[in-house]
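Single-letter residue listing:
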Amino acid sequence: MAEEEQTTTLKNTVTIEDAGPCKKKITIEIPQETITNATDEQYKTLRDVPGFRKGRAPRRLLEKRFGKETSEQVKLKLIADASESSIKDSKLDILGEPDIDFEKIELPAEGPMKFEFEVEVHPEFELPSLEGIPLNKPKVEITDEQVTKEIEQMRKWSGVWMPREDGAVQQEDQVIAEVVLKTEDDEEEEKLNNIEIYVKQPGFVAAVPVEKLDELLTGAKAGDTRQTSVDVPKTYFREKYRGKKMDIRITIKDIKWLKPTDLDNNFLVRLGVKDEKELREKTHEALHNRLETQLRTEMTEQIYQYLLGNTNFDLPLDIVARQANTVLQRQYINLMTQGLSREQIDEQMDQLKASSEERAKEQLKTFFIMDKVAEKLEIDVTDEELNGHIAGLAIQQGQRPERMREQMAREGTLAQFRLEVRQSKCIAKLLESAKITEIEGKKETKKAGKNAGKLVKKAAGPEKKPFKKSKKTTK
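A brief report on the enclosed structure follows. For clarity, every value in this text was computed on a predicted model and none was experimentally measured. (Residues numbered from 1 in each chain as written. Predicted model: local features only at pLDDT ≥ 70, side-chain atom pairs only at ≥ 80, totals over all residues. Heavy atoms only, no water.)

Points about the packing of helix H11 (residues 383-397) against helix H13 (residues 414-433)
Here comes step 1: The N-to-C vectors of H11 and H13 enclose an angle of 100°; their axes lie 10 Å apart at closest approach. One way to sum up the angle between H11 and H13 is to call them roughly perpendicular. For the pair H11 and H13, the contacting residues are Asp383, Glu385, Leu386, His389, Ile390 and Leu393 in the first and Leu414, Phe417, Arg418, Val421 and Lys425 in the second.
Here comes step 2: In terms of residue class, the contact of H11 with H13 is made up of six nonpolar, one polar and four charged. (Axes fitted to C-alpha atoms, helices over the stretch in contact; angles between N-to-C directions. Helix = DSSP H or I, 4+ residues; strand = E, 2+ residues; numbered from the N terminus. Parallel < 35°, antiparallel > 145°, perpendicular 65-115°, else oblique. Contact = heavy atoms within 4.5 Å. Nonpolar A, V, L, I, M, F, W, Y, C, P; charged D, E, K, R; others polar.)

As for the pattern of salt bridges
Here comes step 1: Going through the model one piece at a time under the given rule, you end up with 17 salt bridges.
Here comes step 2: Across the pair Glu17 and Lys25 runs a salt bridge whose closest N-O atoms are separated by 3.4 Å.
Here comes step 3: Across the pair Lys77 and Asp81 runs a salt bridge, and its minimum N-O distance is 2.8 Å. In this pair, Lys77 and Asp81 both sit in helix H2 (residues 59-89), four residues apart, roughly one turn of the helix. (Salt bridge = Lys/Arg side-chain N within 4 Å of Asp/Glu carboxyl O.)

Some remarks on the nonpolar core
Across soluble globular proteins, nonpolar side chains have a tendency to be buried as a group.
Here comes step 1: Formed by 30 residues in total, the largest nonpolar core has its most connected members in Ile303, Leu307, Phe368, Ile369 and Val373.
Here comes step 2: Contributions of two or more residues to this core are made by helix H6 (276-309), helix H7 (317-322), helix H10 (357-377) and H13.
Here comes step 3: The biggest single contributor to this core is H10, with seven residues.
Here comes step 4: Among residues more than four places away in sequence, those in contact with Leu307 are Pro128, Leu130, Ile369, Met370 and Val373.
Here comes step 5: Among the nonpolar cores identified, the runner-up in size contains 25 residues, and Val210, Ala220, Met246 and Ile255 belong to it. (Core = buried A, V, L, I, M, F, W, Y, C linked by side-chain atoms within 4.5 Å. Buried < 20%, exposed > 50% of the residue type's maximum accessible area, 1.4 Å probe, protein only.)

Describing the pairing of strand S13 (residues 245-259)
Regular strands have side chains that alternate between both faces of the sheet.
Here comes step 1: Taken together, the four bridges between strand S7 (residues 160-163) and S13 define a ladder with antiparallel strand orientation. If you follow Trp161 over to S13, its bridge partner there is Leu258.
Here comes step 2: Note: strand S8 (residues 174-183) against S13, ten bridges, orientation antiparallel. Bridging across to S13, Val180 finds its partner in Arg249.
Here comes step 3: Relative to S13, strand S12 (residues 225-231) is paired through seven bridges, and the arrangement is antiparallel. Note on S13: the bridge partner recorded for Val230 is Met246. (Pairing = 2+ DSSP bridges.)

Now the structure itself:
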């Protein structure tokens, strides 16, 4: 049943009712007296006409000369004032701007003016109990095998791409290709040159997700062409492609494989260690620190899943699609604060941009829930706190704090960063009162929810510089 509220604001009759998930329909009736008064006021500004004494031009003449323009101005002003007042007085927490079709609204010659429009609003829901949230914390153990794999991965990060001698594409290769994209409703093709494609699953071609890309390209040689068709997700970050069927043609120009760097003295010096024993010791320490960070990340994800599982509200797809860029900005900042390398961030951003409808909805739901949690816990972020977090991130990224803040302001991510800091404060508060149970003997912790999986795994993954260089590093 539609929830209905009726009030009178500035002599306007306002009716508000539900129009679907996160949508309200507002109907406004402006009485004739208000229209007449507004019209009279508008004509008073037009009384100075050449040939007549100041302020003495006849109303009939003004109506003949300026009637259409005046009516339009009065209509727009009345609609703007009435719609703004209806939202403010009703305390609607709207998303974006009202959807008003001004062209279809007419200013009547007699009688009241009635119009309606829709607004998108923050979802209405009740939070579950925030005290004693049940969490599992697995005990972690670092093995020699994990240390070895970590060092192998570091060698890959320091490796170089080499031409593949046998000339046939294999798993994990890098392909340089000419790519042609064509959507179902577009007659023209979009051609992209020298696009880097990594042969793996899931795979991406020019940031477009392609299922079984590894199977498509494996075995191909330079000069070969491979074609496929994909259904672009309805929440894809580029509106041009969103929800459309796309044909993709890949013409291979070059094929490369990643040659890991040698585990030699040069490699050890770059990492700031004297021998392989010290490398293993510091790698073990770095792995332990990152796994502790991973545990916190996973417990955070458990909190998200608890809140999502105990909170029920719907989000229409158009809101999800439109808010996708905001979600991406928040995820980008989140990845930066986890200390990931540029390569890891870029890879995950490609995956986030291609998120499924369900994942995009979950991310946006989490945002709304945490916004309400912050309000309930009365948590905010001061300018001093924000500057402190920016300084910490700048040091981590090797930049000057003031320059990083300027860059965030310029890119429009400063507000999102503040929200991310506020959300982190909320999680810290919830962890203080959480009911944490340690579980035995798991070397790899179970992912708390489908939204966390790869993100958590990557967050604990290797970085180019897993530990600080020692003071004895050779110049």
